[in-house]
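Spelled out from the first residue to the last, the chains are:
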Amino acid sequence: QVHLVESGGGLVQTGGSLRLSCAASGRTFSRAMAWFRQAPGKERDFVAGISYTAGSTAYADSVKGRFTISRDNVKSTLYLQMNSLKPEDTAVYYCAAANYIRVQNWKEEGEYNSWGQGTQVTVSS
C-alpha cells in the first residue's frame, strides 16, 4: 500500500479557494489517484480522479469547472485546486491511490487500496 497524507484544508468563505495536497510515500506512486469527500451524515463521494500519466482526468458533475486535479510524479504529490467554493463543498476530503495506473470506474471505492486520513474543508456562507 501507499501511505497518503492530506493537507491544505481549512475554513474559507463562499467564493474562496483552497488547494489540497496529498503526499505519498511507501510503495510506488505509479498508479491512478483520486479525491473523495464525505459530508456530515452522508456517504463518501467521488470528487476527481487522474491517471498516472495525467492523460486522463474525471470530475464529479458538482465540481466540474471549479475544481482541478493534478499531480507531480517527481514529488509523489497529488493536488486538488478548489475555486468558487460553495457551502455544499464542506466535507472531509480524502485522497486515494488506485490499484493500477488506470481506473475503470472512478466512483467505485473498490478501485482504491490506499486512503489518507482526510482533511477538513469548511465553506462558510
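Residues numbered from 1 in each chain as written. Predicted model: local features only at pLDDT ≥ 70, side-chain atom pairs only at ≥ 80, totals over all residues. Heavy atoms only, no water.

A. View of the pattern of salt bridges. Inspection of every chain in the model, using the stated rule, returns four salt bridges. With a shortest N-O distance of 3.2 Å, Lys64 and Asp61 are connected by a salt bridge. Accessibility assignment for this pair places Lys64 and Asp61 in one class, exposed. Note that Asp89 and Arg66 form a salt bridge whose closest N and O atoms lie 2.7 Å from each other. Of this pair, Asp89 sits in the loop between strand E8 (77–82) and strand E9 (91–98) while Arg66 is found in the loop between strand E6 (57–59) and strand E7 (67–72), placing the two residues 23 residues apart along the sequence. Three or more residues joined by partner-sharing salt bridges are found here, namely Arg37, Arg66 and Asp89. (Salt bridge = Lys/Arg side-chain N within 4 Å of Asp/Glu carboxyl O. Buried < 20%, exposed > 50% of the residue type's maximum accessible area, 1.4 Å probe, protein only. Helix = DSSP H or I, 4+ residues; strand = E, 2+ residues; numbered from the N terminus.)

B. Inspection of the pairing of strand E5 (residues 44–50) at higher detail. With respect to burial, E5 is a largely interior element, five of its seven residues being buried. Across six bridges, strand E4 (residues 33–38) lies against E5 in antiparallel orientation. Bridging across to E5, Gln38 finds its partner in Arg44. Between E4 and E5, which pair antiparallel one after the other, the connecting turn spans five residues, and Gly41 there sits at a positive phi close to 75°. For E5 and E6, the ladder comprises three bridges, and the chain directions are antiparallel. When the sheet's bridge partners are listed, Ala48 is paired in E6 with Tyr59. (Pairing = 2+ DSSP bridges.)

Keep in mind these values describe shape, not function.
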